[in-house]
Amino acid sequence: MPKVTVAPPAAGLFSDSDLCEVLRKHLGLDTTGHLSCPPAPSGRSGGNVGAGVHNQDEPATVEAFVELTRRLIDMERAAEIEQANVETSLCSPEAAQSRGRALLNLRLDDVEGGLLGRTLLTLVSNKGYGAGGALADLPPHKFGPHDVVALRPSRGPVDGPPVVSGVIYRIRETSIVIAVDEAPEDGLDQPLRLDKLANEVTYQRLFGTLEVLLRVRSGTAATPDGRLLPGSSIVDVVFGRREPRLADAVPVWDPFNHGLDASQRAAVALALGSQDIALVHGPPGTGKTTAVVEIILQEVARGSRVLATAASNIAVDNLVERLVKAAAKLKLVRLGHPARLLPQVLDSSLEAHVLRSDSSALARDCRAEIKDINCRLLKLGPRDRAERRALRGDLRRLAKEERQRQEAAVVEVIKGAQVVCCTLTGAAHRQLESELFDVAVVDEAAQALEAATWSALLRARRAVLAGDHLQLPPTIVSDEAAKMGMARTLFERLQLKLPSASAMLTVQYRMNKVIMQWSSDELYEGRLTAHDSVAQHTLEDILGTPSTQATPTVRKVGTNTFRVTSGKKTSSKGKHVKVAAPSVATLSGCGQVEDVGLFPVLLLVDTAGCGFEEQQEAEGSSYANFGEAKAVMVYVRRLVNRGIAAHNIGVITPYNAQVALIKELRQGHDLAALEVSSVDGFQGREKEAIVISMVRSNEAGEVGFLSDRRRMNVAVTRARRHCAVVCDSETVSHDDFLKRLVDYFTEHGEYRSAAELVPDA
Ligand SMILES: Nc1ncnc2c1ncn2[C@@H]1O[C@H](COP(=O)(O)OP(=O)(O)OP(=O)(O)O)[C@@H](O)[C@H]1O
């Protein structure tokens, strides 16, 4: 255990004994002999929550790690290509659409410029207008913001040349907007098809990073102008050649954010005192990003240059937004394709900075001259050969000068930034090959592939990784690669290996404490506490009615004329049948629900005995449960009728087929703002009320990946004031972890049978 010497606290900061307690409690650090601390209580763990996580054999050397990781990346790449082939090029366009990888028969609805030089194309269904003159909804699909896509003629060959390629900018129920470098002159006035393209760039960058890691290890990695990359001290600690080190004296720092709690202050202190690598373990809602923002601002205040990264664009943007809000004068630049950035951070983007720079103004002068010369060329006659030659020479010179000026503008902006923000993939971009940093910060580190994390770490002397290895790991297509170690993140492995370099945040600011306690006891050794501002909050508060624990009663559940006219609800125990898709399904009864009882914080809606059986997709491996989906929607309607706005409610279900089914049921019920998504879609987010549909209902008691405690941890902890779990308690109780969840909800909340919600089931 490293010893720490702490400099005297600045006025207004905490006392020696406070600090000792914080360092011991959150960092597991030994302060004896350095501060006047009371003796540490025995049996306290040092921030290594989740030590039950399996510690697989891990490569002991950099070389072994690189060799294994290259194989795993190859496997993952092959799996992704195979999936894309199965879903698109090897099947008909119609089949690709039914698999969600293509959208057919689209038409161009709008073209706008303005996204920092890019053009935005809005595509809508060509089916004409739906009820009430509104645009028709797009069919269900698997496109997501930032996907790389191609637009082709709707009926053209599957692998034919695209009319144009671009990046998805925005997705609505009725439209998709893609950002393209330049709109093509022809080809957009016909029915169009949108195809998802494989993104090779990520893989190339991961391989590139592994090369750099080897060179850093051998001391030969340098920038183009010959400066050595500084990541070797981090490499040594990670690969066990050296213990992590703390500064001889913990730096004195005066918080920018005076509202930080003790565990957040301890995490900032650890990060500032670390000489190589520090981990901030942030369970749900504990203010991980709040702590990361403070760390970055403190680093800048002491003259450090910071590379601030995260696995996803949305997490980077979240960080950018919070940094800009906290320090308007911070010299910060956000790298990345403008279509991948939230509108509110565009002003911090590289493009926006470049457009404002002096070099860019000079480049614009060149452009104006080029335009002028082109006009003059058009006016020349066939005999003006000499002048034509001279003007063409000028054009070449000006084009070169324009390019140089633009490149200079980019370099100028990046070099001048105190904080460079980008995704981990962005950190491996050529734009940063000449850049070195004092500190690399990785938010959401528990969702990042280890190879990707190294892209940031190798460019800095010190690193801070923030995340929670007890929430969802990175998404990996190849099950085999995941099993062979690809799913294990650097954050997780360091949590187990370097508990003394880790600080855990323990006060959460999201959930009613009854919701939190399940997660805290199951996953965090009971160490979480709820901040007073949220500990008791309930749905009743946002309705303006007094909160009471009175038992809600169900008086009457309308006439529930939920009707399915296409497909049959098939009893399918053990059989694979096509999910009955309710192309015309109504929830007309829901609008008449009379019950307006109080909502408990926790609710278990049990479908056991209701005959709501799971059904597996005929094509694919996902499951749906039609009866359960009805119960979910009836309950959502009850929340809405009671005055909870639909946008404050989230429905989470682990199975994509159930997501699609519930979305269909939502249509036409004034519930467009109700968010329905898989667990992955909700990570990092929250809603006032969450309804979880567990889907699985079978005699064998098979629960599939429901038993993944990280997945269920994320689902439950998205709820601020109310969490309802809809499940077949008989089926899910075959799994010990889920049985404890059912027991906890029953003991600390309300229990109802789903038959009360859907009496005609
Ligand atoms: N010390 C604090 N005092 C009051 N509110 C806080 C404090 N720290 C964080 N919060 C609030 O708690 C919420 C969650 O904070 P933040 O987004 O930093 O958490 P996170 O751990 O990154 O979240 P997630 O679990 O979604 O990853 C925010 O609304 C934030 O303002």
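Here the structure is a predicted model, which means the values were calculated and not measured.

Draft legend 1. Focus on the overall build of the chain. Along the chain, the regular secondary structure elements total 24 helices and 27 strands. Within the chain, contacts between residues at least 6 apart in sequence are counted, and of these 76% link residues at least 24 apart. If you sum the accessible surface of the chain, you get close to 32300 Å²; carbon and sulfur atoms cover 50% of it.

Draft legend 2. Examining the site of the ligand more closely. Lining the immediate surroundings of the ligand are 15 residues, of which G259, G285, K288, T289 and T290 lie closest. At 2.7 Å from an oxygen atom of the ligand is found a side-chain nitrogen or oxygen belonging to T289. Note that an oxygen atom of the ligand is positioned 2.9 Å from one of the side-chain N or O atoms of R510. Computed on the free molecule, the ligand has an accessible area of 630 Å², of which 71% lies beneath the protein chains in the complex.

Draft legend 3. Expanded view of the pattern of salt bridges. One pass over the full model with this rule turns up 33 salt bridges. Residue R152 is joined to D195 by a salt bridge in which the shortest nitrogen-to-oxygen separation is 2.7 Å. Residue R152 is found in strand β4 (residues 148–153), and its partner D195 is found in strand β7 (residues 192–196); the two are separated by 43 residues along the sequence. Its relative accessible area of 9% is what places R152 among the buried residues. Taking relative accessible area as the criterion, D195 reaches 6% and is therefore assigned buried. The residue R227 makes a salt bridge to D225 at a minimum N-O spacing of 3.2 Å.

Draft legend 4. Local environment of helix α14 (residues 479–486). If you check which residues of α14 are buried, you get A481, G485 and M486. Down the axis of α14, the buried side of the element spans an arc of 40 degrees, and every buried residue falls inside it. Exposed positions of α14 whose direction lies more than 90 degrees from the buried face are D479, E480 and K483.

Draft legend 5. Structural detail: helix α8 (residues 313–326). Along its 14 residues, α8 runs 20 Å from first to last C-alpha, staying within 8% of the 20 Å computed at 1.5 Å per residue. When α8 is considered as a whole, its buried residues turn out to be N313, A315, V316, D317, L319, V320 and L323. Where the residues of α8 are buried, they touch α7 (288–301), β10 (306–310), β11 (332–334), β12 (419–423) and β13 (437–443).

Draft legend 6. Quick look at a negative patch on the surface. A surface patch of like charges, here negative, comprises E182, E185, D186 and D189. Considering the arrangement of structural elements, one finds E182 in the loop between β6 (175–180) and β7. E182 sits in the exposed class, given a relative accessible area of 63%.

Draft legend 7. Looking closely at the packing of aromatic side chains. Going through the model one piece at a time under the given rule, you end up with six aromatic pairs. Here the aromatic rings of Y623 and Y655 are separated by 5.5 Å at their centres, their planes lie at 75 degrees, and the arrangement is edge-to-face. Pair noted here: Y623 is in strand β22 (residues 623–624) and Y655 is in the loop between β23 (649–652) and α20 (656–666), with a separation of 32 residues, a long-range link. Taken individually, Y623 and Y655 each receive the classification buried, so the pair is uniform in this respect. Geometry around F239 places R493 over its ring, the cationic atom sitting 5.3 Å from the centre.

Draft legend 8. View of the sheet that holds strand β9 (residues 277–281). Ordered by their spatial adjacency, seven strands build an open sheet running β11-β12-β10-β13-β14-β9-β15, and the pairing between neighbours is parallel. Of all the strands in the sheet, the pair left with one neighbour each is β11 and β15 (502–504). Between one strand axis and the next, the sheet turns by 15 degrees as a mean value, whatever way the strands run. Here five bridges tie β10 to β13, and the two strands are oriented parallel to one another. Within β13, the position partnered with T309 by the bridge is V442.

Draft legend 9. The environment of L214, seen in detail. Among the structural elements, L214 can be located in helix α4 (residues 200–217). For L214, a relative accessible area of 24% puts it in the partly exposed group. In this structure, the C-alpha to C-alpha distance between L214 and V62, residues 152 residues apart in sequence, is 6.9 Å. Beyond its immediate chain neighbours, meaning those up to four positions away, L214 contacts V62, E63, V66 and R70.

Draft legend 10. Representation of the pairing of β12. Counted residue by residue, β12 has five buried out of five residues, so it is predominantly covered. Alternating residues of β12 divide into V419, C421 and T423 and V420 and C422, and every residue in both groups is buried.

Draft legend 11. How the structure looks around the side chain of S729. As for its placement among the helices and strands, S729 is situated in helix α23 (residues 729–732). Looking at S729, the relative accessible area reads 13%, which means it is buried. A distance of 2.6 Å separates polar atoms of two side chains, one belonging to S729 and the other to D606. Apart from the residues lying within four places of it in its own chain, the contact partners of S729 are D606, A608 and V742.

Draft legend 12. Expanded view of the packing of helix α19 (residues 626–641) against α20. Interaxial distance between α19 and α20 falls to 10 Å at its minimum, and their mutual angle equals 50 degrees. Compared by their axis directions, α19 and α20 come out oblique. Considering only the axes of α19 and α20, their crossing is right-handed. In contact with F626, E628, A629, K630, V632 and M633 of α19, α20 contributes Q658, L661, I662, L665 and R666.

Draft legend 13. Local environment of the sheet that holds strand β24 (residues 675–677). Read from one edge to the other, the open sheet built from six strands follows the order β24-β23-β25-β26-β20-β27, with strand pairing classed as parallel. Taken across any chain shown, the strands that pair with only one partner, and hence form the sheet edges, are β24 and β27 (750–753). The mean inter-strand angle of the sheet, taken between neighbouring strand axes irrespective of direction, is 20 degrees. In terms of strand pairing, β23 meets β24 through three bridges, oriented parallel. Within β24, the position partnered with I652 by the bridge is S677.

Draft legend 14. Representation of the state of the cysteines in the model. Overall, the coordinates contain zero disulfides when judged by the stated rule. Sulfur of C610: no disulfide; nearest cysteine sulfur belongs to C727 and is 11 Å away. Of the residues examined, C610 reaches a relative accessible area of 14% and is grouped as buried.

How each quantity is defined
Residues numbered from 1 in each chain as written. Predicted model: local features only at pLDDT ≥ 70, side-chain atom pairs only at ≥ 80, totals over all residues. Heavy atoms only, no water. Helix = DSSP H or I, 4+ residues; strand = E, 2+ residues; numbered from the N terminus. Contact = heavy atoms within 4.5 Å. Areas by Shrake-Rupley, 256 points an atom, 1.4 Å probe, with all protein chains shown as cover. Near = heavy atom within 4 Å. Polar contact = N/O pair within 3.5 Å; in protein donor to acceptor, adjacent residues only side chain to side chain. Salt bridge = Lys/Arg side-chain N within 4 Å of Asp/Glu carboxyl O. Buried < 20%, exposed > 50% of the residue type's maximum accessible area, 1.4 Å probe, protein only. Arc of directions from axis to C-beta. Expected span 1.5 Å × (residues − 1). Patch = residues over 30% accessible without salt bridge, like charges linked within 9 Å, V, L, I, M, F, W, Y side chains within 5 Å. Lys, Arg positive; Asp, Glu negative; His and termini not counted. Charge placed at Lys NZ, Arg CZ, Asp CG, Glu CD. Phe/Tyr/Trp six-rings, centres within 6.5 Å; stacked < 30°, edge-to-face > 60°. Lys NZ or Arg CZ within 6 Å of the ring centre and 35° of its normal. Pairing = 2+ DSSP bridges. Axes fitted to C-alpha atoms, helices over the stretch in contact; angles between N-to-C directions. Parallel < 35°, antiparallel > 145°, perpendicular 65-115°, else oblique. Left-handed = near helix turned anticlockwise from the far one by under 90°. Disulfide = S-S within 2.5 Å.

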